[in-house]
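Spelled out, the chains give:
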Amino acid sequence: MPRKMEPTLRNCVRELRTAKAGMTQQELADQVGVTRQTIIALEGGAYTPSLALALRIARVFGKATDDIFQLDESSR
Amino acid sequence: MNAMEKVAWTELVVSVSAVGVATLLIPWLGNGATGAFGLLGFLGLCVVFVRRRGNRVVVDERDREIEAHATRIGVGVAWMTLFTALIVATLWANYSHANAVSTGFLNWLLWVQFATCYGIKGLVAVLMYRRQQRAA
C-alpha cells in the first residue's frame, strides 16, 4: 500500500500521561522501552507504534488499547 | 537529537565530504584523488553514538524502522548507480571502439557507489526524522 494511503492512528497518550501524576515523557519512555523522541513523535501523531509498543503503553496506563489508540481512516 | 539521528547526520556529512574532497583533488592528483575516499573511514565513529548508557534505551523500534527504510533506499540507489554506470561504460567502450574500460574509471565507480549508498541512507534518515519532528 502506498505510504500516503496508510491509515493513521489517533491517540490520547499525552492526556493520559499528564493525568497520571504529571508523568514526564522520559519516564513513560523508560517504562515502555523507547526513547523520549519516540514518545514525542507518538504523542504528536507523527509515528504509528508497533502492536507490542501499543500494548506496553496500554499496560502502563491500565487501559485497553482501543481506549488509547483509534484508527483514523478519514485521513486517506 | 537522538543517537540514530546523529548517526544519520554523520553518514551524510562524511559521504558528502569524501566525494567533495575527492572531486577537489582531481586537478592535482588525477585518479589518485580517490584516496580521499579514505575519509569514509570516519563512518566507524558512528558506534560512539550508539554506545550503551546505563539502562536508557538508545535505539528503539522507531529508529530501526527509519534505518531499515533508509538502508533500502540507499542500497537501491547505489546499485542503480552501479548498473547505470556500467551500462554507460559498456556502451561507450563499444561505440568508441575503445574495447576496454580503464581501471581508474572502475576505481572511481566503486568508491562513488560506496559513498552514494551511505550518503543517500543518511539523507533519507535525516529527512524522516525531520518530518516526524515537524509533524509532532
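Residues numbered from 1 in each chain as written. Chains lettered and ligands numbered in written order. Predicted model: local features only at pLDDT ≥ 70, side-chain atom pairs only at ≥ 80, totals over all residues. Heavy atoms only, no water.

Draft legend 1. Structural detail: the pattern of salt bridges. The full count for this structure, using the stated rule, is six salt bridges over all chains. Of the charged contacts, one joins Asp30(A) and Arg56(B) as a salt bridge, the two residues approaching to 3.7 Å between their closest N and O atoms. Of this pair, Asp30(A) sits in helix α2 (residues 25-32) while Arg56(B) sits in the loop between α2 (46-49) and α3 (61-95), on two different chains. Taken together, the shared-partner salt bridges in this structure form one network comprising Arg14(A), Arg17(A) and Glu43(A). (Salt bridge = Lys/Arg side-chain N within 4 Å of Asp/Glu carboxyl O. Helix = DSSP H or I, 4+ residues; strand = E, 2+ residues; numbered from the N terminus.)

Draft legend 2. Examining the side chain of Thr38(A) more closely. Structurally, Thr38(A) is set in helix α3 (residues 36-43). Side chain to side chain, Thr38(A) and Arg62(B) meet in a polar contact 3.0 Å long. (Polar contact = N/O pair within 3.5 Å; in protein donor to acceptor, adjacent residues only side chain to side chain.)

Draft legend 3. Representation of the environment of Gly62(A). Residues and elements named next belong to chain A. Relative to the elements of secondary structure, Gly 62 occurs in the loop between α4 (51-61) and α5 (65-68). Look at Gly 62 and you get exposed, because its relative accessible area is 65%. Sequence-wise, Gly 62 and Val 13 are 49 residues apart; in three dimensions their C-alpha atoms are separated by 12 Å. (Buried < 20%, exposed > 50% of the residue type's maximum accessible area, 1.4 Å probe, protein only.)

Draft legend 4. Just the confidence of the model for chain A, in detail. Residues of chain A with pLDDT of at least 70 account for 87%, and the chain-wide mean is 86. For chain A, the element scoring lowest by mean pLDDT is strand β1 (residues 8-11) of chain A, at 84; α4(A) scores highest, at 94. (pLDDT = per-residue confidence, 0-100.)

Draft legend 5. Broad picture of the nonpolar core. In terms of nonpolar packing, the biggest core is built from 20 residues, with Val13(A), Leu28(A), Val32(A), Ile57(A), Phe61(A) and Ile68(A) touching the most fellow members. Secondary-structure elements contributing two or more residues to this core are α1 (13-19), α2, α3 and α4 of chain A. Core analysis: the second largest hydrophobic core is formed by 11 residues, Ala8(B), Ile66(B), Ala125(B) and Tyr129(B) among them. (Core = buried A, V, L, I, M, F, W, Y, C linked by side-chain atoms within 4.5 Å.)

Draft legend 6. Inspection of α2(A) at higher detail. All names here are of chain A. When we look at burial in α2, the residues that qualify are Gln 25, Gln 26, Leu 28, Ala 29 and Val 32. Buried residues of α2, viewed axially, fall in a sector of 160°; they line one side. Taken together, the buried residues of α2 touch α1, α3 and α4. In the stretch just after α2, Gly 33 is the one whose phi turns positive, near 80°. (Arc of directions from axis to C-beta. Contact = heavy atoms within 4.5 Å.)

Draft legend 7. View of the packing of α2(A) against α3(A). All names here are of chain A. For the pair α2 and α3, interaxial distance at closest approach is 8 Å and the crossing angle is 105°. The pairing of α2 with α3 is recorded here as roughly perpendicular in orientation. Where α2 approaches α3, its residues Gln 25, Gln 26, Leu 28, Ala 29 and Val 32 are matched on the opposing element by Arg 36, Ile 39, Ile 40 and Glu 43. Here the contact of α2 with α3 is composed, by residue class, of five nonpolar, two polar and two charged. (Axes fitted to C-alpha atoms, helices over the stretch in contact; angles between N-to-C directions. Parallel < 35°, antiparallel > 145°, perpendicular 65-115°, else oblique. Nonpolar A, V, L, I, M, F, W, Y, C, P; charged D, E, K, R; others polar.)

Draft legend 8. Summary view of the packing of helix α1 (residues 3-29) of chain B against helix α4 (residues 103-135) of chain B. Residues and elements named next belong to chain B. The N-to-C vectors of α1 and α4 enclose an angle of 145°; their axes lie 8 Å apart at closest approach. Pair α1 / α4 crosses with left-handed handedness. For the pair α1 and α4, contact is made by Met 4, Glu 5, Ala 8, Trp 9, Glu 11, Leu 12, Ser 15, Val 19, Ala 22 and Ile 26 and by Trp 108, Ala 115, Tyr 118, Gly 119, Lys 121, Gly 122, Leu 123, Ala 125, Val 126, Tyr 129, Arg 130 and Gln 133, respectively. For the contact of α1 with α4, a count of residues per class yields 14 nonpolar, four polar and four charged. (Left-handed = near helix turned anticlockwise from the far one by under 90°.)

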